[in-house]
Amino acid sequence: MEHGQHGTLIRAQRLTGVAAFEGADNWRVLYRSVTPQGKAVAVSGTVAIPHGRPPAGGRPVLSWLHGTTGVADACAPSRDSANGPVHDYLQSLQDTVAPWVSRGYAVTRTDYQGLGTDGTHSYLVGEAEARAAADLTRAAHQLSRHLSDEWVAYGHSQGGHAAVFAADLANRWTPELRLIGAAALAPGSQLSTAVPALRRQPLAGVSDFFPLIVRGAQTVSPMPDERLFTPKALAVAGDADRMCSAQLRAPDSWGSLRSDEIFREDADLTALDRALADNEPGRLSPRVPVLLAQGGKDTVIQPAWTAALDAQLRANGVHVTSFTYPEADHRGVLSASLPDVTRWIDRLFGRSAPGEDRQG
């Protein structure tokens with residue numbers, strides 16, 4: 001792994017099954033990236049290149065960035081199967097992305113660093129997410145010479161967090177390509193204040209996110225489990241390394257814990273809080289347009305958090321377009337926002353959305 005430029009394609013194999021898109025050549029790929037600490041790593045993902053003649057200038061490229069599935073390798077979207085542990089969620093993403101493929105967009109989907117490959121998944125570490133997205137876009141150009149140099153980042157939840165970081169970093173990381181915008185649906189933000197507040201409250205139903213956040217922070221700073229977790233939490237800590245999100249919510253796993261039962265009273269959480277603060281998308285100043293979409297009935301990413309992110313980005317001089325869907329929940333925002341996101345991305349590429357003439 002120490003040889004080769006980041007974004008170099010290591011391996012590509014034909015992809016079939018539920019993770020593939022109709023009307024396209026689908027590939028499961030392995031490619032080179034670099035951790036925020038400067039270590040070369042292999043990252044997995046998929047690439048879909050539609051059939052047919054590409055337009056002049058090449059096919060526009062859409063980098064789809066998935067939301068939280070877990071940190072265990074089995075949770076990697078490129079490994080999805082009909083009986084897979086996160087298939088229900090991944091199928092909803094498939095339904096969101098498939099229309100883009102049918103309309104001629106090449107679609108890349110990174111698993112992110114450490115998810116499905118060696119090492120620990122850098123969950124909510126923005127620089128690692130952004131590098132994974134940009135490097136896969138570079139690798140996709142080695143599969144086809146008919147791709148545009150322009151691309152967009154488009155993600156949900158964790159992937160929305162990744163999309164904003166990609167907007168800020170990608171054009172410096174892969175300068176021969178040009179990221180022209182980022183769409184972030186229910187993006188993770190404000191966690192540097194929400195997580196400390198939650199861990200002091202006796203709340204049920206939120207604890208499954210804590211081990212994932214810790215695992216991500218552990219890729220940045222050493223934090224041994226035994227110095228962080230209570231005996232109750234330590235007893236199920238290893239579940240995060242072999243189970244996906246839905247399984248972690250079970251009553252015999254992290255679902256058995258209230259949020260105030262996770263961390264030891266004497267735990268030093270300085271490094272964890274610093275990692276959360278360092279990875280707040282609201283501190284960024286992307287020079288490309290950003291779209292934010294939020295469901296009004298989302299109980300995972302609070303609407304107030306996305307409203308705060310909107311204000312933070314605007315204060316940083318970012319060109320932000322925001323949409324709110326009052327009746328949509330966390331997953332419902334995927335379909336609710338699709339028409340607006342489609343028009344917005346098409347216009348970035350100078351294309352017409354369905355039902356809209358090119359002058360619209």
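Shown above is the structure to which this text applies.
Since the model is a prediction, treat every value here as computed from it, not as a measurement. (Residues numbered from 1 in each chain as written. Predicted model: local features only at pLDDT ≥ 70, side-chain atom pairs only at ≥ 80, totals over all residues. Heavy atoms only, no water.)

### Overview of the packing of aromatic side chains
For the structure on display, the rule yields eight aromatic pairs. Taking 6.4 Å as the distance between ring centres and 20° as the angle between the ring planes, the aromatic pair formed by Phe-323 and Tyr-325 counts as stacked. An aromatic cluster is present here, built from Trp-64, Trp-100, Tyr-105, Tyr-154 and Phe-349 joined pairwise through their rings. Across the ring face of Trp-100, the terminal group of Arg-103 is positioned such that the distance to the ring centre comes to 5.9 Å. (Phe/Tyr/Trp six-rings, centres within 6.5 Å; stacked < 30°, edge-to-face > 60°. Lys NZ or Arg CZ within 6 Å of the ring centre and 35° of its normal.)

### Some remarks on the state of the cysteines
All told, the structure shown has one disulfide when counted by the stated rule. Residue Cys-75 pairs covalently with Cys-244 via a disulfide, S to S 2.1 Å. Taking the sign of the torsion about the S-S bond as the criterion, the disulfide between Cys-75 and Cys-244, at about -110°, is left-handed. Here Cys-244 lies in the loop between α7 (231-236) and α8 (245-248) and Cys-75 lies in the loop between β4 (59-65) and α1 (87-102), a separation of 169 residues in the sequence. (Disulfide = S-S within 2.5 Å. Helix = DSSP H or I, 4+ residues; strand = E, 2+ residues; numbered from the N terminus.)

### Regarding α1
Given a rise of 1.5 Å per residue, 16 residues ought to cover 22 Å, and the 21 Å separating the end C-alpha atoms of α1 matches this to within 8%. Most pronounced at Thr-96, the bend in α1 amounts to some 30°, and the proline Pro-99 follows within four residues. Within the sequence span of α1, burial applies to His-87, Tyr-89, Leu-90, Ser-92, Leu-93, Gln-94, Thr-96, Val-97, Trp-100 and Val-101. Each element contacted by the buried residues of α1 is listed here: β2 (24-34), β3 (40-50), β4, β5 (106-110), β6 (147-156) and α11 (333-348). The positive-phi residue at the C-terminal boundary of α1 is Gly-104, with phi of around 100°. (Expected span 1.5 Å × (residues − 1). Bend = angle between axes of the 7 residues up to and from the residue. Buried < 20%, exposed > 50% of the residue type's maximum accessible area, 1.4 Å probe, protein only. Contact = heavy atoms within 4.5 Å.)

### Points about the sheet that holds strand β1 (residues 9-14)
The nine strands lie next to each other as β1-β2-β3-β5-β4-β6-β7-β8-β9, forming an open sheet whose pairing is mixed. Each having just a single partner strand, β1 and β9 (320-325) make up the two edges of the open sheet. Neighbour-to-neighbour, the strand axes of the sheet open up by a mean angle of 20°, direction not taken into account. Direction of pairing for β3 relative to β5: antiparallel, over a ladder of four bridges. The residue bridging Thr-46 from the neighbouring strand is Arg-109, located in β5. Helix α3 (residues 158-173) rests against β2, β4, β6, β7 (178-185) and β8 (290-295) of the sheet, and its axis sits at about 165° to β7. Against the sheet, α11 makes contact with β4, β6, β7, β8 and β9, and its axis sits at roughly 160° relative to β7, the strand it touches most. (Pairing = 2+ DSSP bridges. Axes fitted to C-alpha atoms, helices over the stretch in contact; angles between N-to-C directions.)

### A few points about the packing of α1 against α11
The N-to-C vectors of α1 and α11 enclose an angle of 25°; their axes lie 11 Å apart at closest approach. On the basis of the axis angle, α1 is roughly parallel to α11. Seen from above, α1 lies across α11 with right-handed handedness. Residues Ser-92, Leu-93, Thr-96, Pro-99 and Trp-100 of α1 lie in contact with α11, whose contacting residues are Leu-334, Leu-338, Val-341, Thr-342, Ile-345 and Asp-346. Partitioned by chemical class, the residues of the contact of α1 with α11 number seven nonpolar, three polar and one charged. (Parallel < 35°, antiparallel > 145°, perpendicular 65-115°, else oblique. Left-handed = near helix turned anticlockwise from the far one by under 90°. Nonpolar A, V, L, I, M, F, W, Y, C, P; charged D, E, K, R; others polar.)

### Structural notes on the nonpolar core
In this structure, Leu-62, Trp-100, Tyr-154, Phe-229, Trp-254, Phe-263 and Ile-345 are the most contacted members of the largest nonpolar core, which totals 68 residues. Core analysis: the next-biggest nonpolar cluster, separate from the first, contains 43 residues, Ala-130, Ala-134, Ala-182 and Val-320 among them. (Core = buried A, V, L, I, M, F, W, Y, C linked by side-chain atoms within 4.5 Å.)

### A look at helix α2 (residues 126-140)
Think of an α-helix as turning once every 3.6 residues; residues three or four places apart then point the same way. Taking 1.5 Å of rise per residue, the 15 residues of α2 would be expected to cover 21 Å, and the 21 Å separating its terminal C-alpha atoms lies within 8% of that figure. Within α2, 14 of the 15 residues are buried, which leaves it mostly tucked inside the rest of the structure.

### Section: the pattern of salt bridges
Inspection of the entire model under this criterion finds 20 salt bridges. Arg-131 is the partner of Glu-127 in a salt bridge, and the nearest nitrogen-oxygen pair spans 2.6 Å. Residue Glu-127 and its partner Arg-131 are located together in helix α2, separated by four residues, close to a single helical turn. Here Arg-131 falls in the buried class, since its relative accessible area comes to 10%. A salt bridge links Asp-239 to Arg-242, with the shortest nitrogen-to-oxygen separation between them at 2.8 Å. Given the relative accessible area of 8%, Asp-239 is considered buried. Classification of Arg-242 by relative accessible area gives exposed; the value is 56%. Salt bridges here are not isolated pairs; linked through shared partners, they connect Lys-232, Arg-258, Asp-260 and Glu-261. (Salt bridge = Lys/Arg side-chain N within 4 Å of Asp/Glu carboxyl O.)

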